[in-house]
Amino acid sequence: MTARPLPDASAEAARPRGPVIEAYGVHKSFGDNVVLDGIDLAVAAGETLVVIGPSGSGKSTLLRCINVLEPIDSGRILLEGEEITRKGAKVAAIRQRIGIVFQQFNLFPHLKAIDNVTLAARRVRKMPRRQAESRALDLLARVGLQEKARQNPHQLSGGQQQRVAIARALMMEPHVMLFDEVTSALDPELVGEVLVVMRDLATTGITMVVVTHEMQFAREVGDRLIFMDEGKIVEEGVPADVLDGPKEERTKRFLQRSLQMAHSLEELSITQEGEVE
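What you see is a predicted model, and the numbers here were worked out from it, not measured in a lab.

Quick notes on the rules
Residues numbered from 1 in each chain as written. Predicted model: local features only at pLDDT ≥ 70, side-chain atom pairs only at ≥ 80, totals over all residues. Heavy atoms only, no water. Pairing = 2+ DSSP bridges. Helix = DSSP H or I, 4+ residues; strand = E, 2+ residues; numbered from the N terminus. Salt bridge = Lys/Arg side-chain N within 4 Å of Asp/Glu carboxyl O. Buried < 20%, exposed > 50% of the residue type's maximum accessible area, 1.4 Å probe, protein only.

**Q** Even after reading the chapter, I still don't get the pairing of strand S4 (residues 74-79), so can you show me in this structure?
**A** Examined bridge by bridge, strand S1 (residues 19-30) and S4 share 5 bridges and lie antiparallel to one another. The residue bridging Tyr-24 from the neighbouring strand is Arg-76, located in S4. Judged from the 2 bridges that link them, S4 and strand S5 (residues 82-83) form a sheet pairing that is antiparallel. Paired with Leu-78 across the bridge in S5 is Glu-83. Counted between consecutive antiparallel strands, the loop separating S4 from S5 contains 2 residues, among which Glu-80 sits at a positive phi close to 50°.

**Q** Whenever I open this one, the pattern of salt bridges confuses me. Can you help?
**A** Pairs may arise between side chains of opposite charge once their charged atoms sit close together. Summed over all chains, the structure comprises 19 salt bridges. Across the pair Glu-83 and Arg-76 runs a salt bridge whose closest N-O atoms are separated by 3.5 Å. The exposure class of Glu-83 is partly exposed, given its relative accessible area of 24%. Three or more residues are tied together by salt bridges with common partners; here these are Glu-80, Glu-82, Arg-86 and Arg-97.

**Q** Just to check I follow, could you spell out unusual backbone geometry for this structure?
**A** When glycine is set aside, most residues are seen to have a negative phi, and most peptide bonds are trans. Positive phi outside glycine occurs at Lys-126, with the angle close to 55°. The backbone of Glu-230 shows a phi angle near 50°, a positive value even though the residue is not glycine. Looking at where Glu-230 falls in the secondary structure, it is placed in the loop between strand S9 (224-229) and strand S10 (232-237).

Structure follows, in structure tokens:
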């Protein structure tokens, strides 16, 4: 894949350099299942925060709450100093400032790539078609897909579809980008092309929160890493420090099992309690 460098961060540099995202005492449950249990978090402007943890730890729910796709039960979430979880907050306007890319590409199958990218800008922001298509072509070029602009999703590989989804999110000029395990549905040989785009995006200075199982990406691209388990932030720090020398026992067990799984299944077994060791 040959992708052009992503846009410079001049717009980001002009914004205040305080925390872009702040969370205070955030709780979220689904029935009796506590998913977020008192989350306190701040993400600085231009920071790439990587979130790791086992399935069910609350990582994806945290992103959905930040993007106000899920209401929180208690606590507060702020975006650039504005409380976005308050009653009466203008959700549609908030979501225009927060781009999110999911595991599934969620492209409209009957629309060409360029139309998938421009649709929200034309309908929500009332951007003229010619202006929208010009910007979309630039974004598709920057993720290495300008030549695929007139193709439908079924004509694209999974990695190409995910790159279109990233371009679509960038089309709205978000202040924050959220990535929810965006490579987990891809064939292994397609993962790299998406991670390269995300790596290049991080260098532009946009604020990013990335939920991922790609530890090498976390190490190389992340400014800070948090490990979540059972709805809590268990440990955080510089990615290399947490990955190479975790302080908390739960983090150590998670990383040890992740490393074992990455190398071999031969020595793993399931205990009577149903855990892998």
